[in-house]
Amino acid sequence: MENNFGHTLYLLKGSIHHYCLTFMLLVYFLRIIDLAKRRPVGERGELKGSRFLGSIRSLSLLFRPWQMESLRQHPLFYLEFVVLHIGIAITIWVVILMSYAPNRITPVICKSIVPFMAVSFLICLHRIYRRITIPSLRSVSTVDDYFALGLTTVFLVTGLGAVRLCLENRQEDPLVLMFFVIACTFMIYEPFSKIAHYVFYPFSRTMFGQIFGGRGVLNSLASEEATKTGKSRTRSEGGHGEDLLVPRRRKAVRTAGNGAPEFTSEMLKDMEKLFGVRMNRVVQASLATCVRCGLCSDACHYSLAMPDDETMAPMYKAETFRQWYRSRYDWVGKLLPSFVGAQRLTKELAAEMYDKLWSACTMCRRCTFNCPFGLDYGMLVRTARGIMAEVGAVPENLQNVVDVHINTGNAVGMPRKEFLGTIHEVERRLKSQNGCENFSIPIDKRRSKYLLTLNPPETDGYPSTIEAAAKVFNAAGADFTISSRCWDLTNYGLFSGVDADTQLLAKRLVYETVRLDCEYLVAFECGHGYRVVRWEMPNWFGELPFKITSAVELLSEFIQRGRLTVDKSVYDGMRFTYHDSCNNARSGGIIEEPRIVIASAAHDFVEMKHNKLNSFCCSGGGGALAMPEYSDRRLTGARIKAQEIADTQADVVLHSCRNCADQLKTIVEHYSLDVRVMSLSELLAAALVL
């Protein structure tokens with residue numbers, strides 16, 4: 001009996017251990033190859049930062065927890081994370097030592113490693129308790145979550161016992177045998193479970209760093225630290241291509257109307273076909289790596305505004321998509337779907353995806369920047385939306401905006417004659433101002449340096465913003481023009497997720513910029529429009545024969561080069577704060593430029609508590625303003641931004657995005673805030689010395 005026991009232990013320490021380790025490495029290799037086969041997501045536009053340095057910064061963020069708000073807010077969670085992974089690594093090391101050099105486990109070594117293993121064991125128990133007792137975690141937990149934690153707990157506690165027995169030279173004790181059985185089980189199970197996140201972590205973090213490092217976003221992490229809390233106040237010192245006037249008509253879609261549509265079997269089959277087409281490397285990594293830790297909940301304005309609704313947590317919203325993913329691509333999900341929470345696409349699952357991913361996410365990416373793994377929930381949600389929209393499951397009004405834009409040339413369907421009349425009236429009003437008699441708004445002027453695009457609400461309801469921008473551009477001596485044929489910067493295809501629509505609208509701007517032979521395409525104050533033309537458009541069409549910038553960056557440049565003279569006394573006695581547009585800041589890298597503009601005109605500027613990369617979404621992005629059926633949820637989510645505005649005690653909240661402006665004005669009215677909403681162009685225009 002003893003000989004059999006010793007022989008079994010010998011096999012576990014030797015050949016069986018080697019086979020299990022080889023199996024684990026082989027499975028990991030195959031999973032990494034599977035990920036590498038997916039379409040990469042690159043940046044082909046002119047970079048504002050370094051993709052390489054962005055990757056380094058991203059990979060090292062876990063070693064700099066003070067630069068990630070979610071970890072600053074939960075230091076104990078971070079400490080648990082560090083100690084737990086050290087404890088697991090030590091226990092794995094114990095397996096190796098006991099197999100090949102048991103004499104190396106000395107009393108000194110034992111005293112240094114046992115505390116980590118013991119504390120790690122307690123942390124595992126605490127995490128099991130959290131997952132059971134916290135509703136938002138319990139709602140997304142699978143059998144795999146509990147089994148992984150349970151197996152890790154047993155691995156650690158048997159490791160503690162095995163170390164003690166090794167010191168006592170009792171290596172043939174049944175507990176040692178059990179420890180090696182658990183270790184081998186751990187190696188076989190690990191690559192199929194949530195524990196595999198540590199292998200995918202470098203890939204998800206590297207991709208995050210490459211994208212946002214290249215956009216210059218991660219360069220601001222150091223300055224973000226300086227203003228991460230409280231009120232940080234500064235005292236300022238010949239064309240070619242297709243005819244753009246020909247309307248495009250795409251195949252009619254089955255729109256959803258109010259509430260989720262009735263998903264038919266045909267729609268579900270079409271969605272299954274589209275899944276593989278839309279999958280890319282970033283989306284797969286984001287779907288495969290999440291461990292449902294819950295840190296994203298504190299990053300989401302919906303989750304914070306509705307704390308009693310666990311379905312508002314980003315991990316729950318993503319889980320509706322992830323369940324479908326597991327049934328298609330997760331190896332265990334195909335064999336044991338209930339174990340990992342895999343679910344085939346059904347009418348019920350599709351309806352839940354529709355509700356949560358259209359109405360309760362603005363794709364602001366705040367959760368992404370607060371995720372320890374850098375999982376891109378914005379791209380994940382847009383992919384799911386696109387799959388649904390392609391089969392007609394899309395909010396009716398949102399799709400109508402896209403269709404009107406495709407069919408008429410702008411999102412409000414304004415005829416060219418009416419647009420020209422609006423611009424001429426704005427020009428007339430501009431010339432009537434003192435010192436502006438010689439100012440003009442050139443239309444279709446070829447070979448201008450800047451082609452200025454606009455946001456439709458400015459032509460339809462807020463022409464004063466066009467007037468302000470024209471005044472600033474004229475005062476700076478900028479050579480600019482506006483197209484009468486293709487002037488609309490907005491692109492709601494970004495929100496519906498249909499790439500064909502998004503690219504068609506972007507292509508028109510490319511053709512028009514080439515037709516007018518302009519050096520720069522300038523995105524006016526519109527967050528998602530800037531993101532599309534600056535970062536997404538070059539990825540679709542490659543190198544472009546013109547440069548791309550934003551009006552905000554140009555205003556900052558005009559000020560820094562001394563091309564504008566501003567009288568700051570105009571705003572004496574007024575306090576300003578600034579709302580960072582999610583697409584301009586987090587997804588676009590426009591962070592310091594607005595503050596340069598503000599400092600040139602305002603004496604009293606107060607940052608909101610959460611600003612720059614950590615700014616909360618206004619709750620109007622992601623197409624939310626174009627989905628009136630979800631207005632109540634949108635306004636409830638806006639409570640977080642409303643409170644931060646109120647806390648600054650500002651007289652004016654500044655913005656650099658028309659969409660944000662509309663939502664901010666709604667917030668001011670809904671929450672009875674005594675504050676005025678103003679664009680950066682308007683801020684400068686009223687204080688110019690001409």
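Conventions we followed
Within any chain, residue numbers begin from 1 and follow the written order of that chain's sequence. Confidence filtering applies because this is a predicted model: local features only for residues at pLDDT of at least 70, side-chain atom pairs given and counted only at 80 or more, and all residues used for totals across whole chains, interfaces and linings. Note that water and hydrogens are dropped before the side-chain values are worked out from all heavy atoms of the structure. For the purposes of this entry, the term helix denotes a DSSP run of H or I that reaches at least four residues, the term strand denotes a run of E that reaches at least two, and both are numbered from the N terminus. Atoms considered for the radius of gyration are the C-alpha atoms alone. The globule rule reads 2.2 Å times the number of residues to the power 0.38. Any residue under 20% of the maximum accessible area for its type is buried, any over 50% is exposed, and the rest in between are partly exposed; the area is computed with a 1.4 Å probe on protein chains only. The charged-residue count follows a simple rule in which Lys and Arg add positive charge and Asp and Glu add negative charge, with His and chain termini not counted at all. Throughout, a charge is located at the NZ atom of Lys, the CZ atom of Arg, the CG atom of Asp or the CD atom of Glu. Working note: the arc is built from the helix axis to C-beta atom directions. We call two residues in contact whenever any of their non-hydrogen atoms come within 4.5 Å of each other. Whenever a nitrogen or oxygen atom comes within 3.5 Å of another N or O atom, the pair is scored as a polar contact, on the condition that within protein one atom can donate a hydrogen and the other can accept it, and that pairs from neighbouring residues in sequence are kept only if both atoms are in side chains. Between any two strands, at least two bridges found by DSSP are needed for them to pair. The pLDDT value tells you how sure the predictor is about a given residue, anywhere from 0 up to 100. Think of a salt bridge as a Lys or Arg side-chain nitrogen and an Asp or Glu carboxyl oxygen that are within 4 Å of each other. Throughout, right-handed denotes a crossover for which the path from the first strand over the helix to the second runs clockwise when the strands point away from the viewer. Each pair of aromatic rings taken from Phe, Tyr and Trp, with Trp reduced to its six-membered ring, is defined by centres within 6.5 Å and is described as stacked if the planes are under 30 degrees apart, edge-to-face if over 60, and tilted in the remaining cases. Counted as over-ring charges are cases with an Arg CZ or a Lys NZ within 6 Å of the ring centre that also lie within 35 degrees of the ring normal. Each patch is built from residues lacking any salt bridge and having more than 30% relative accessible area; the joining distance is 9 Å for like charges and 5 Å for nonpolar side chains (Val, Leu, Ile, Met, Phe, Trp, Tyr). Areas reported as accessible are Shrake-Rupley estimates using a 1.4 Å probe. Residue values count occlusion only from the protein chains shown. In this analysis, axes come from line fits to C-alpha atoms, helices being fitted only over the stretch in contact, and the angle between any two N-to-C directions falls in the range 0 to 180 degrees. Oblique is the label for every angle not falling under 35 degrees (roughly parallel), over 145 degrees (roughly antiparallel), or within 65 to 115 degrees (roughly perpendicular). When the near helix sits turned anticlockwise from the far one by under a right angle, the crossing is termed left-handed; a clockwise turn instead gives a right-handed crossing. Three classes are used: nonpolar for Ala, Val, Leu, Ile, Met, Phe, Trp, Tyr, Cys and Pro, charged for Asp, Glu, Lys and Arg, and polar for all others, with Gly counted as polar.

Novice: In this structure, what is going on with the overall build of the chain? I would like to understand it.
Specialist: Secondary structure assignment for the chain yields 33 helices and nine strands. By the compact-globule yardstick of 26 Å for 690 residues, the chain fits well, its C-alpha radius of gyration being 28 Å. The dimensions of the chain, computed from C-alpha atoms along their principal axes, are 105 × 60 × 45 Å. Out of the 690 residues belonging to the chain, those deemed buried represent 60%. Between the averaged position of the 80 positive side-chain charges in the chain and that of its 70 negative side-chain charges there is a distance of 4 Å.

Novice: Would you take a moment to explain helix 3 (residues 51-59) for this structure?
Specialist: Because each turn of an α-helix spans 3.6 residues, side chains separated by three or four positions end up pointing in the same direction. For helix 3, the full list of buried residues reads Gly 54, Ser 55 and Ser 58. Viewed along the axis of helix 3, the buried residues span an arc of 100 degrees, placing them on a single side of the element. On the buried face of helix 3, the contacting elements are helix 10 (197-214). Two or three places before Phe 52, at the opening of helix 3, Ser 50 has a side-chain oxygen 3.3 Å from that residue's backbone nitrogen.

Novice: Help me understand the sheet that holds strand 2 (residues 450-452) in this model?
Specialist: Two pairing modes exist for strands in a sheet, parallel and antiparallel, and in both the strands are linked by backbone hydrogen bonds. Read from one edge of the open sheet, four strands run 3-2-4-5, paired in parallel fashion. Only two strands of the sheet have a single partner each, and these edge strands are strand 3 (480-481) and strand 5 (547-550).

Novice: Would you mind going over the confidence of the model for the chain with me for this structure?
Specialist: Caution applies to low-pLDDT regions: their predicted coordinates should not be interpreted in detail. Of all residues in the chain, 92% have pLDDT values of 70 or greater, and the mean over the chain is 90. Note that residues 222-258 has pLDDT below 50 and, in this model, 94 contacts with residues that lie over four places away or in other chains.

Novice: How should I be thinking about the pattern of salt bridges in this particular structure?
Specialist: When the charged atoms of two side chains with opposite charge come close together, those side chains can pair. One pass over the full model with this rule turns up 33 salt bridges. Note that Glu 536 and Arg 215 form a salt bridge whose closest N and O atoms lie 3.2 Å from each other. For Glu 536, a relative accessible area of 13% corresponds to the buried category. The buried category is assigned to Arg 215, whose relative accessible area is 2%. Close ionic contact of Lys 445 with Asp 479 constitutes a salt bridge, the shortest N to O distance being 2.8 Å. Pair noted here: Lys 445 is in the loop between helix 22 (416-431) and strand 2 and Asp 479 is in the loop between helix 24 (463-475) and strand 3, with a separation of 34 residues, a long-range link. Owing to a relative accessible area of 38%, Lys 445 belongs among the partly exposed residues under this scheme. Salt bridges sharing common partners tie together Glu 43, Arg 215, Arg 531 and Glu 536.

Novice: I tried to follow the pairing of strand 8 (residues 652-655) on my own but got confused; where do I start?
Specialist: Each regular strand shows side chains that alternate between the opposite faces of the sheet. A two-sided burial pattern is seen for strand 8, the buried positions comprising Val 652 and Leu 654 on one face and Val 653 and His 655 on the other. Note: strand 6 (residues 575-578) against strand 8, three bridges, orientation parallel. Each bridged residue has a counterpart across the sheet, and for Tyr 578 the counterpart in strand 8 is Leu 654. Sheet topology places strand 8 next to strand 9 (residues 676-679); four bridges connect them, and they run parallel. Across the sheet, the residue bridging to His 655 is Ser 679, located in strand 9. You can see the chain leave strand 8, run along helix 32 (residues 658-670) and come back into strand 9, and the turn it takes is right-handed.

Novice: Just checking my understanding: could you explain the packing of aromatic side chains for this structure?
Specialist: Each aromatic ring pair is characterised by the separation of its centres together with the angle its planes make. Within the structure shown, the criterion is met by 28 aromatic pairs. Look at Phe 147 and Tyr 189: their rings are 4.9 Å apart centre to centre, the planes differ by 80 degrees, and that puts the pair in the edge-to-face class. Here Tyr 189 lies in helix 9 (residues 174-189) and Phe 147 lies in helix 8 (residues 143-167), a separation of 42 residues in the sequence. Judged by its relative accessible area of 11%, Tyr 189 falls in the buried class. Aromatic pair Phe 147 and Phe 339: ring centres 5.9 Å apart, planes at 65 degrees, arrangement edge-to-face. Across the ring face of Trp 535, the terminal group of Arg 534 is positioned such that the distance to the ring centre comes to 4.0 Å.

Novice: What is the right way to read the environment of Val 533 from this model?
Specialist: Note that Val 533 resides in helix 27 (residues 527-541). Between the C-alpha atom of Val 533 and that of Thr 549, which follows or precedes it by 16 residues, the distance is 8.7 Å. In this structure Val 533 touches Leu 489, Leu 509, Leu 521, Ala 523, Pro 538 and Ile 548, once residues within four positions along its chain are discounted.

Novice: In this structure, what is going on with the pairing of strand 6? I would like to understand it.
Specialist: Burial of the side chains of strand 6 extends over both faces: Arg 575 and Thr 577 are buried on one face and Phe 576 and Tyr 578 on the other. In this structure, strand 6 lies alongside strand 7 (residues 604-606), joined through two bridges in parallel fashion. Along strand 7, the bridge assignment pairs Phe 576 with Phe 605. Note on the crossover from strand 6 through helix 29 (residues 593-601) to strand 7: the handedness is right-handed.

Novice: I would appreciate a short explanation of a nonpolar patch on the surface in the present structure.
Specialist: Where nonpolar side chains cluster on the molecular surface, the patch consists of Leu 26, Phe 29, Leu 30, Ile 33 and Trp 331 and spans about 470 Å² of accessible area. Element by element, the count of residues in the nonpolar patch is highest for helix 2 (residues 15-37), at four residues. On the basis of relative accessibility, which here comes to 34%, the residue Ile 33 falls in the partly exposed class.

Novice: Sorry if this is basic, but what is going on with the side chain of Arg 658 here?
Specialist: Locating Arg 658 in the fold gives a position in helix 32. Residues within four places of Arg 658 in sequence aside, it is in contact with Asn 455, Pro 457, Glu 458, Tyr 462, Thr 465, Glu 525, Cys 526 and Lys 665.

Novice: When you look at unusual backbone geometry in this model, what are you seeing that I'm missing?
Specialist: Positive phi outside glycine occurs at Met 363, with the angle close to 55 degrees. As for its position among the elements, Met 363 is in the loop between helix 18 (347-359) and helix 19 (366-369). The residue Ser 619 is not glycine, and still its phi comes out positive at about 80 degrees. In this fold, Ser 619 is placed in the loop between strand 7 and helix 30 (631-637).

Novice: Before we go on, may I ask you to explain the side chain of Ser 70 in this structure?
Specialist: Considering the arrangement of structural elements, one finds Ser 70 in helix 4 (residues 69-73). For Ser 70, a relative accessible area of 3% corresponds to the buried category. A distance of 2.7 Å separates a polar side-chain atom of Ser 70 from the backbone oxygen of Asn 370. Ser 70 has contacts with Leu 295 and Asn 370, leaving out every residue within four places of it along the chain.

Novice: I keep staring at the packing of helix 2 against helix 9 and nothing clicks. Help me out?
Specialist: The relative placement of two packed helices comes down to the angle between their axes together with the axis-to-axis distance. Direction vectors running N to C along helix 2 and helix 9 enclose 20 degrees, while the axes themselves pass 8 Å from each other. Comparing the axis directions of helix 2 and helix 9 gives the class roughly parallel. For the pair helix 2 and helix 9, the sense of crossing is left-handed. When helix 2 is examined against helix 9, the residues Ile 16, His 17, Cys 20, Leu 21, Phe 23 and Met 24 are found in contact with a partner set consisting of Cys 184, Met 187 and Ile 188. Counted by class, the contact of helix 2 with helix 9 contains eight nonpolar, one polar and no charged residues.

Novice: Is there a simple way to explain the environment of Lys 111 in this structure?
Specialist: If you trace the backbone, Lys 111 turns up in helix 6 (residues 107-133). Taking the C-alpha atoms as reference, Lys 111 lies 41 Å from Phe 52; in sequence the two are 59 residues apart.

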